[in-house]
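Inside the fold
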Amino acid sequence: MNTSMIIELAGYLGSVLVVVSMLMSSVVKLRIINTAGSIISATYALIIQSYPLALMNICLIIINIYNLARLLRSNEPYDLVDVKTDDIFLTYFLDYYQQDIQNFFPAARSLLSSADTAYMICCSAAPAGLLLGKKQKDGTMDILIDYTTPMYRDCSAGSFLYSKLQSKGINSLVYSGNSEKHIPYLQKMGFINENGAYVKHLSA
């Protein structure tokens with residue numbers, strides 16, 4: 001394979017990555033993949049001396065890096081909002097994301113009637129997630145629904161949520177459900193399987 005063909009393939013790779021990035025539901029993944037594609041495309045454009053194309057991709061790289069830094073910084077603009085389990089907006093949220101929520105929690109609507117505690121995570125006033133559960137007197141919360149909307153499904157909303165729960169008097173989280181699709185997320189977030197239930201000690 002000669003050099004010109006390698007350069008041409010690199011150009012195609014950069015374009016493919018930029019297109020693929022647009023398919024990502026996670027904003028962070030979109031920015032990372034788009035940045036990689038833009039770097040390759042900018043390099044390709046400079047090699048073939050297509051300076052307008054190179055300039056466009058360099059601008060994309062700068063925009064992506066700026067937005068990634070803003071998304072990943074520790075003081076991310078999340079807010080934790082206490083809501084009542086009969087709150088009309090909570091009902092609207094569950095209805096709006098009903099199909100996606102049921103992929104992870106098939107009995108979501110029936111679980112609502114069992115809950116006594118609900119928190120919504122918002123990002124710049126936009127709803128990003130929901131924690132629904134039963135709070136015990138010892139500071140343990142039994143998780144019924146722990147859901148993040150597709151756009152914020154990069155664990156940042158969950159990390160923010162778990163960092164704030166101790167201020168709400170919650171020291172441990174327990175998930176005893178049987179949703180296989182939710183288990184990988186719990187494992188990624190530091191939950192440990194204890195006697196068939198997934199447990200996270202927030203004070204640890």
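Every value quoted in this text rests on a predicted model; they were computed, and no experiment measured them. (Residues numbered from 1 in each chain as written. Predicted model: local features only at pLDDT ≥ 70, side-chain atom pairs only at ≥ 80, totals over all residues. Heavy atoms only, no water.)

**Digging into the side chain of Asn57**
Residue position: Asn57 is located in helix α3 (residues 51-72). Asn57 sits in the buried class, given a relative accessible area of 3%. Ignoring any residue separated from it by four or fewer positions in sequence, one finds Asn57 in contact with Ser38, Ser41 and Ala42. (Helix = DSSP H or I, 4+ residues; strand = E, 2+ residues; numbered from the N terminus. Buried < 20%, exposed > 50% of the residue type's maximum accessible area, 1.4 Å probe, protein only. Contact = heavy atoms within 4.5 Å.)

**What about the confidence of the model for the protein?**
When pLDDT is averaged along the protein, the result is 88, and 96% of the positions lie at 70 or above. Per-element confidence in the protein is highest for strand β5 (residues 172-175), whose mean pLDDT is 96, and lowest for helix α6 (residues 108-112), whose mean pLDDT is 80. (pLDDT = per-residue confidence, 0-100.)

**Re the nonpolar core**
Among the nonpolar cores identified, the biggest contains 45 residues, and Ile145, Tyr162, Leu165 and Leu173 are the most heavily contacted of them. Beyond its immediate stretch of four places on either side in the chain, Leu173 contacts Met141, Ile143, Tyr162, Leu165, Phe191, Tyr198, Val199, Lys200 and Leu202. (Core = buried A, V, L, I, M, F, W, Y, C linked by side-chain atoms within 4.5 Å.)

**What about the pattern of salt bridges?**
A full pass over the atoms with the stated rule returns two salt bridges. Of the charged contacts, one joins Lys168 and Asp82 as a salt bridge, the two residues approaching to 2.8 Å between their closest N and O atoms. With a gap of 86 residues between them, Lys168 in the loop between α7 (156-164) and β5 and Asp82 in strand β1 (residues 78-83) connect regions that are remote in the sequence. (Salt bridge = Lys/Arg side-chain N within 4 Å of Asp/Glu carboxyl O.)

**So, the pairing of strand β4 (residues 140-148)**
The buried fraction of β4 amounts to eight of the nine residues, a majority that puts the element mostly inside the structure. Pairing of strand β3 (residues 126-135) with β4 involves seven bridges; the strand directions are antiparallel. When the sheet's bridge partners are listed, Gly129 is paired in β4 with Thr148. Counted between consecutive antiparallel strands, the loop separating β3 from β4 contains four residues, among which Gly139 sits at a positive phi close to 90°. Handedness of the β4-α7-β5 crossover: right-handed. (Pairing = 2+ DSSP bridges. Right-handed = clockwise from strand over helix to strand, strands pointing away.)

**Considerations on the sheet that holds β3**
Ordered by their spatial adjacency, seven strands build an open sheet running β1-β2-β3-β4-β5-β7-β6, and the pairing between neighbours is mixed. Edge positions in the sheet fall to β1 and β6 (192-194), since each has one partner strand and no second. Strand-to-strand twist in this sheet, taken as the mean axis angle between neighbours without regard to direction, amounts to 35°. Here β6 pairs with strand β7 (residues 197-201) via three bridges, running antiparallel. Bridge pairing in β7 places Asn193 opposite Tyr198. Contacts from helix α4 (residues 88-96) reach β1, β2 (117-123), β3 and β4 within the one sheet, and its direction differs from that of β3 by about 105°. Together, β1, β2, β3, β4, β5 and β7 form the strand contacts of α7, whose direction differs from that of β1 by roughly 60°. (Axes fitted to C-alpha atoms, helices over the stretch in contact; angles between N-to-C directions.)

**Remarks on the environment of Phe105**
Inspection of the secondary structure assignment puts Phe105 in the loop between α5 (98-104) and α6. Separated by 73 residues in sequence, Phe105 and Asn178 have C-alpha atoms that sit 8.8 Å apart.

**Focus: the packing of helix α1 (residues 3-21) against helix α2 (residues 27-47)**
Where α1 meets α2, the closest approach of the two axes is 8 Å, and the angle between their N-to-C directions is 150°. Regarding the angle of α1 to α2, the classification is roughly antiparallel. Pair α1 / α2 crosses with left-handed handedness. Counting all contacts with α1, which are made through Ile7, Glu8, Ala10, Gly11, Leu13, Gly14, Ser15, Leu17, Val18 and Ser21, the residues of α2 involved are Leu30, Ile33, Asn34, Ala36, Gly37, Ser38, Ile40, Ser41, Tyr44 and Ile47. (Parallel < 35°, antiparallel > 145°, perpendicular 65-115°, else oblique. Left-handed = near helix turned anticlockwise from the far one by under 90°.)

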